[in-house]
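Coordinates in review
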Amino acid sequence: MDEAKQIVTDIKNGKIKPIYFLFGEEPYYIDAIASYIEKKLLAEEEKGFNQMVLYGKDVTIDDIVANAKRYPMMAERQVVIVKEAQHLVRTIEDLTSYVDNPQMSTVLVVCYKYKKLDKRKKLYKSVQKAGVLFESKKLYENKVSDWIRKNLQGRGYSISHKAAILLTEYLGTDLSRISKEIEKLQLVLPKQSEITPADIEAHIGISKDYNNFELKKAIGERDVLKATRIINYFSQNPKDNPFVLTVTLLHSFFTQLLQYHGLNDHSPKSVASALRINPYFVGEFQTAARNYPMKKVSGIISSLREMDLKGKGVGANVNSQADLLKELLVKII
C-alpha cells in the first residue's frame, strides 16, 4: 500500500519514469496505479492524440513498441497503457530491447496481472534501471481488516473492529470488491462516521447476526441454538448464503484448528503468527480447541469434504440447502 502511494506521489510531484511495469497476484493496486496515470498524467485535450490503451490478448510486443516509439503530438509526452499484459507471458522478455532504450517522451505502463516477473531474466533488471517495477502482492486474510481500516482512514472514516472482520469474512481478500463496497458506504454516510455492523447490514446487505462469521463462532462455542438459528436463516436466503461458501469457510476454520492443536506454543502472538490470523480470532480457537479435541477435528474435516461433494451433487441425491445445512450441523456438533 505504501509503495503504491509513493508511486502516485512521485508522479504528482513530476518524478515521471518512462516505464511502469506493474505485476503480481493482487490486481487492485495494479488497476489503481494504471487508472491514476490514465486519468491524471495528460490534460483532457491531450488524450485524443497522445493516450493509447492496448490489451495484451489483442497485440504483440512489436505493436506495443511501435506505439511507444511514436512522438507525442502538441504535448510534452504520450501515454501507452497495456492492460491484461499477462496474455503476453510467452513473449514478454522481447520487451527488453525497448526498455534498454526507451522513448523518453513516452510513459509506457504494463499491467501484468496474476503473474510474476522472473528476477533472473534481463527484462526485470532492465526495468529496474530504466523505470518503476512494482509487485502487487496478495494480502493474507489476517491483514485485510487492517487494510480496510487504513483505506477508510484515508477517506475520512473509521470502522469498528467487528465491522471490519464482518466485511473480511463476507468479501474475502478481494480488495477491488471491498473497495467498491466501501464506496457504497461513502455515498450514504457522512465523513468522520464510524462504520458499524449495523451500517454494513443496512447498506451492503450482510446480516450482522446471521453470517458465516457468526456461524463459525457459534459452532466453535458449541452453541447449538444460535448455530441452528443461523442455518435456518441461510436456508431461507440461499442466494445470499451459498452452501459451498459455508462449507469452504468451515473447512478452513477446522483445518486451522487442527494446526492449533499441533502447536507447542499456544500464546496469542505465536498462534496468530502460525495460523496467519488476526489476533482478534485467537480466543475463538482457544475456545474451539477445548470443545473439539484433535481426533474429533480430523473427523469433522473428513465430514466437511463429504458435505462439499454432496453440495455439488456428487455421490448423492440432490438435496435442498436446508437439508444439507442441517446434516452439516449434525455431523459437526
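Please refer to the structure placed before this passage.
Just so it is clear, the structure is predicted and the values come from calculations on it, not from any experiment. (Residues numbered from 1 in each chain as written. Predicted model: local features only at pLDDT ≥ 70, side-chain atom pairs only at ≥ 80, totals over all residues. Heavy atoms only, no water.)

**Some thoughts on the pattern of salt bridges**
Keep this limit in mind: Whenever Lys or Arg places a side-chain nitrogen within 4 Å of a carboxyl oxygen from Asp or Glu, that contact is recorded as a salt bridge. Only DSSP runs of H or I with at least four residues qualify as helices, and only runs of E with at least two residues qualify as strands; both kinds are numbered from the N terminus onward. For every residue, the accessible area obtained with a 1.4 Å probe (protein chains only) is divided by the maximum for its type, and the residue is called buried under 20%, exposed over 50%, and partly exposed between those limits.
One pass over the structure, following the stated rule, counts 17 salt bridges. Notably, a salt bridge pairs Arg77 with Glu76, separated by 3.4 Å at the nearest N-O pair. In this structure, the salt-bridge partner of Glu327 is Lys331, at a minimum N-O distance of 4.0 Å. With Glu327 and Lys331 both in helix H17 (residues 321-332) and four residues apart, the pair spans about one turn of that helix. By relative accessible area, which is 27% here, Lys331 ends up partly exposed. Connected through salt bridges with shared partners, the residues Glu306, Lys310, Glu327 and Lys331 form a single ionic network.

**Structural notes on the packing of aromatic side chains**
In this description, an aromatic ring pair is defined by two values, namely the gap between the centres and the angle between the planes. Operational definition: Stacked, tilted and edge-to-face are the three classes assigned to paired rings of Phe, Tyr and Trp, where Trp is represented by its six-membered ring and a pair needs centres within 6.5 Å; plane angles under 30 degrees give stacked, over 60 edge-to-face, the rest tilted. Here, a charge over a ring is recorded when the distance from Lys NZ or Arg CZ to the ring centre is within 6 Å and its angle to the ring normal is within 35 degrees.
Inspection of the entire model under this criterion finds ten aromatic pairs. Plain terms: the ring middles of Tyr28 and Trp147 are 5.3 Å apart, the flat faces sit at 90° to each other, and that makes the pair edge-to-face. Of the two residues, Tyr28 is situated in helix H2 (residues 27-40) and Trp147 in helix H7 (residues 141-154); the sequence distance between them amounts to 119 residues. Of the two residues, Tyr28 and Trp147, neither departs from the other in class, the shared state being buried. Each member of the aromatic cluster is reached from another via a ring pair, and the members are Phe253, Phe254, Phe285 and Tyr292. Note that Lys216 overlies the ring of Phe281, its terminal NZ or CZ placed 4.6 Å from the centroid.

**Overview of the sheet that holds strand S4 (residues 106-113)**
In sheet architecture, strand pairing relies on hydrogen bonds along the backbone and comes in two forms, parallel and antiparallel. To keep it simple, the criterion reads: Between any two strands, pairing holds if DSSP finds at least two bridges. Axes, fitted as lines to C-alpha atoms, cover a helix only where it is in contact. Angles between the N-to-C directions of the axes lie from 0 to 180 degrees.
Pairing in this open sheet of five strands is parallel, and the strands run S2-S3-S4-S1-S5 from one edge to the other. The open sheet is flanked by strand S2 (51-55) and strand S5 (132-135), the only strands paired with a single partner. Each neighbouring strand pair of the sheet contributes to a mean axis angle of 10°, computed without reference to strand direction. Relative to S5, strand S1 (residues 19-24) runs parallel, the two sharing four bridges.

**So, helix H11 (residues 212-220)**
Condition: Only heavy atoms enter the contact rule, under which two residues are in contact if any of them lie within 4.5 Å. Two N or O atoms form a polar contact when they lie within 3.5 Å of each other; inside protein one atom must be a possible hydrogen donor and the other a possible acceptor, and for residues adjacent in sequence the pair counts only when both atoms belong to side chains.
Counting buried positions along H11 gives eight out of nine residues, so the element sits mostly inside the fold. Of the residues making up H11, those classed as buried are Asn212, Phe213, Glu214, Leu215, Lys216, Ala218, Ile219 and Gly220. Looking at the packing, one finds that the buried side of H11 touches helix H8 (161-171), helix H12 (224-236), helix H13 (243-262), helix H15 (282-291) and H17. The N-terminus of H11 is capped by Asn211, whose side-chain oxygen sits 3.0 Å from the backbone nitrogen of Phe213. Looking at the residues trailing H11, positive phi occurs at Arg222, about 55°.

**Notes on the layout of surface pockets**
Regions of empty space are outlined by a rolling probe, equal in size to a water molecule, passed over the atoms. Condition: A cavity here means a set of 1 Å grid points, computed over protein atoms only, where a 1.4 Å probe fits but cannot escape. A pocket is an open set with protein on both sides within 12 Å along at least 5 of 7 lines, and lining residues have an atom within 4 Å of a point. Grid points are joined across faces, edges and corners, and a volume is the space filled by probe spheres set on the points.
Its boundaries defined by the atoms lining it, the largest pocket holds a volume of some 810 Å³. Lining the largest pocket are 23 residues; nearest its centre among them are Tyr28, Ala32, Asn151, Arg155 and Ser179. When residues of the lining of the largest pocket are assigned to their parent elements, the largest contribution, nine residues, is made by H2. For the second largest pocket, the calculated volume is near 510 Å³. Together, 23 residues line the second largest pocket, and Glu141, Glu169, Leu249, Ser252 and Gln256 are the ones closest to its centre. Secondary structure elements with two or more residues in the lining of the second largest pocket: H7, H8 and H13. No other element matches the six residues that H13 contributes to the lining of the second largest pocket.

**Structural notes on the nonpolar core**
Basically, it comes down to this: In these notes, a set of buried Ala, Val, Leu, Ile, Met, Phe, Trp, Tyr and Cys residues joined through side-chain atoms within 4.5 Å is what counts as a nonpolar core.
Formed by 42 residues in total, the largest nonpolar core has its most connected members in Tyr20, Leu22, Val109 and Ile148. Of the residues forming this core, the biggest block, seven residues, is contributed by H2. Once you skip the residues sitting within four places of it in the chain, Leu22 turns out to touch Ile30, Ile33, Ala34, Val109, Val110, Cys111, Tyr112 and Phe134. Grouped together as the second largest cluster of nonpolar side chains are 36 residues, Phe234, Val271, Leu275 and Ile301 included.

**Section: a nonpolar patch on the surface**
Our working rule: Like-charged residues within 9 Å of one another, or nonpolar side chains (Val, Leu, Ile, Met, Phe, Trp, Tyr) within 5 Å, are grouped into patches, provided each residue has over 30% relative accessible area and no salt bridge. To be clear on the numbers: accessible area is Shrake-Rupley with a 1.4 Å probe, and residue cover counts the displayed protein chains and nothing else.
A contiguous nonpolar surface patch, about 380 Å² in accessible area, is contributed by Phe49, Met73 and Met74. With respect to the helices, strands and loops of the structure, Met73 is situated in the loop between helix H4 (61-68) and strand S3 (78-83). For Met73, a relative accessible area of 41% gives the class partly exposed.

**So, the pairing of S3**
Formally: The crossover handedness rule: strands pointing away from the viewer, path from first strand over the helix to second strand clockwise, crossover right-handed.
Here S3 lies mainly inside the structure; five of its six residues are buried. Of the strand pairs in this sheet, S2 and S3 are connected by five bridges, and their pairing is parallel. Looking across to S3, one finds that Met52 is bridged to Val80. For the crossover that starts at S2, traverses H4 and ends in the parallel S3, the hand is right-handed. Bridge count between S3 and S4: five bridges; the pairing is parallel. Note that in S4 the partner of Val79 across the bridge is Val107.

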